[in-house]
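Each chain, letter by letter, is given below.
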Amino acid sequence: MAGDFPDYLDYHQTGRPAAAMEIDYPDGFSTGPHSHPRAQLLFAIQGVMQVRSEAGAWVVPPNRAVWLTAGVEHEVSMCGAVKMRTLFVDPEANPNLPRTNCVIAVSPLLRELLVAAVMIPVNYDPSSRDGRLMDLLLDELRAMDVLALHLPAPADPRLRRVCDALSARPDDASTAEHWAGRLGVTPKTLHRLFRQHTGMSFGQWRQQARLLSALERLARGERVIDVAAESGYASQSAFTAMFRRQFGLPPSVFYRR
């Protein structure tokens, strides 16, 4: 990445177990595919990020963060102006750190630690207050709640065709039977392939795709009624019920929280 953005090497070559960085991005900006030698916790105090990799996609709204293991190639796209606060972590710094990529809930304490950590020098004194704050931050990462905001990308080219179409048109109401006919397989085979390659049923994958698309649209300030229709729901109430089941909050207040 070029321009006025920080030099990531400074945050990876330190002898300290973790280093935090702040960076702001405009709406629509994309980092392009890249990777880091350290694990990364991506968090935004404002805006929504979409993170894509070969393994799938994550949508990261406020009060959530995405944990990426070291070396994973990924691309981050911004939905709205994003104020990112990110932490680069030595994978061996703590035996309880996550070993897989995931989206997590950010507690009020973890949020404040991340905000404070960006003010700490990269080569801080481990015995100082800065060092104790970073130690506490790493301790907080042990108790993360994994959230289902991941959309797995199947390697099977037949399923890729289905998934690409459903991602592009979340309101597509085509059934599994319809898709099976288009692919020249039986519905039973289609369901088996979805389970095998994504760990989800066809219906679960489509609902997840609709949910993640809705999160992006809501982040851009679109009306809930419009988001419901574009996400394939027959009514705003049906969409709101699904959203509340997933997050415990209605979509109208999700981002305000």
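Computed from a predicted model, the values in this text were never measured in an experiment.

Evaluated as defined, the whole model comprises 9 salt bridges. Ionic pairing is found between Asp 156 and Arg 158, a salt bridge with its closest N-O pair at 3.0 Å. Residue class for Arg 158 comes out partly exposed when judged on its relative accessible area of 35%. Because the salt bridges share partners, they merge into one network encompassing Glu 22, Asp 24, Lys 83 and Arg 85.

On to helix H9 (residues 236-247), then. Look at H9: 16 Å from first C-alpha to last across 12 residues, which is about the 16 Å you get at 1.5 Å a residue. What H9 keeps buried is the set Phe 239, Thr 240, Met 242, Phe 243 and Phe 247. Axial view of H9: buried residues confined to an arc of 165 degrees, hence all on one face. Residues of H9 that are exposed and angled more than 90 degrees away from the buried face: Ser 237 and Arg 245. Packing partners of the buried residues in H9 comprise strand E4 (64-68), helix H7 (202-219), helix H8 (224-230) and helix H10 (251-254). Note on H9: the residue one or two positions beyond its end, Gly 248, has a positive phi of about 75 degrees.

In this fold, Thr 198 is placed in helix H6 (residues 187-198). For Thr 198, the side chain forms a polar contact with the main-chain oxygen of Phe 194, separated by 2.6 Å. A distance of 3.1 Å separates a polar atom in the side chain of Thr 198 from the backbone nitrogen of Met 200. Discounting chain neighbours no more than four positions away, the residues touching Thr 198 are Pro 152, Pro 154, Leu 193 and Trp 205.

Moving on, we get to the side chain of His 34. Position of His 34 among the secondary structure elements: in the loop between strand E1 (18-25) and strand E2 (39-53). Residue class for His 34 comes out buried when judged on its relative accessible area of 17%. Only 3.5 Å separates the side chain of His 34 from the side chain of Thr 31, close enough to count as a polar contact. In contact with His 34, not counting residues within four places along its chain, are Val 72, Glu 73 and His 74.

Turning our attention to the environment of Pro 187. Mapped onto the secondary structure, Pro 187 falls in helix H6. You can call Pro 187 partly exposed: its relative accessible area is 31%. Taking the C-alpha atoms as reference, Pro 187 lies 6.2 Å from Ala 176; in sequence the two are 11 residues apart. Here Pro 187 is in contact with Glu 177 and Ala 180, once residues within four sequence places are set aside.

For the rest of this paragraph, the subject is the environment of Arg 52. With respect to the helices, strands and loops of the structure, Arg 52 is situated in strand E2. Those residues within four positions of Arg 52 in sequence are excluded, and the remaining contacts are Ala 57, Glu 73, His 74 and Glu 75. One polar contact links Arg 52 to Gln 50, side chain to side chain, over a distance of 2.9 Å.

Further remarks concern the state of the cysteines. A full pass over the atoms with the stated rule returns 0 disulfides. Lacking any disulfide linkage, Cys 79 is separated from the closest cysteine sulfur, that of Cys 163, by 20 Å. Sulfur of Cys 102: no disulfide; nearest cysteine sulfur belongs to Cys 79 and is 20 Å away.

We now examine the packing of H6 against H7. H7 packs onto H6 with a crossing angle of 60 degrees between their chain directions and a minimal axis gap of 8 Å. Judged on the interaxial angle alone, H7 and H6 are oblique. Side by side, H6 and H7 meet where Leu 190, His 191, Phe 194, Arg 195 and Thr 198 of the first sit next to Phe 202, Gln 204 and Trp 205 of the second. A class-by-class count of the residues in the contact of H6 with H7 yields 4 nonpolar, 3 polar and 1 charged.

At a closest axis distance of 9 Å, the pairing of helix H4 (residues 157-168) and H7 adopts a crossing angle of 35 degrees. Seen along the crossing, H4 lies across H7 with a hand that is right-handed. Contact residues: Val 162, Cys 163, Leu 166 and Ser 167 in H4; Phe 202, Trp 205 and Arg 206 in H7. Class assignment for the residues of the contact of H4 with H7 results in 5 nonpolar, 1 polar and 1 charged.

About the cut-offs
Every chain is numbered independently, its residues counted from 1 as its sequence is written. pLDDT decides what is reported in this predicted model: residues at 70 or higher carry local features, side-chain atom pairs at 80 or more are listed and counted, and totals for whole chains, interfaces and linings draw on all residues regardless. Side-chain metrics in this entry use all non-hydrogen atoms of the structure; hydrogen atoms and water are not considered. Salt bridges are defined as contacts in which a side-chain nitrogen from Lys or Arg sits within 4 Å of a carboxyl oxygen from Asp or Glu. Burial classes: relative accessible area under 20% of the type maximum marks a residue as buried, over 50% as exposed, and values in between as partly exposed (1.4 Å probe, protein chains only). Note on conventions: DSSP H or I runs of at least 4 residues are helices, E runs of at least 2 residues are strands, and numbering of each starts at the N terminus. One less than the residue count of a helix, multiplied by 1.5 Å, gives the span that helix is expected to have. The directions from the helix axis to the C-beta atoms are what the arc is built from. Whether two residues are in contact is decided by their heavy atoms, any of which lying within 4.5 Å being enough. What qualifies as a polar contact is a pair of N or O atoms within 3.5 Å, subject to a donor-acceptor requirement within protein and to the restriction that residues adjacent in sequence count only when both atoms come from side chains. Two cysteine sulfur atoms form a disulfide, by the criterion used here, when they sit within 2.5 Å. Angular values range over 0 to 180 degrees, each being the angle between N-to-C directions of two axes fitted as lines to C-alpha atoms, with helices fitted over their stretch in contact. For classification purposes, angles smaller than 35 degrees are called roughly parallel, those larger than 145 roughly antiparallel, those between 65 and 115 roughly perpendicular, and all remaining angles oblique. Residue polarity is assigned by list, with Asp, Glu, Lys and Arg as charged and Ala, Val, Leu, Ile, Met, Phe, Trp, Tyr, Cys and Pro as nonpolar; anything else, Gly included, falls into the polar class. Here a crossing is called left-handed whenever its near helix is offset anticlockwise from the far helix by less than a right angle, and right-handed whenever the offset is clockwise.

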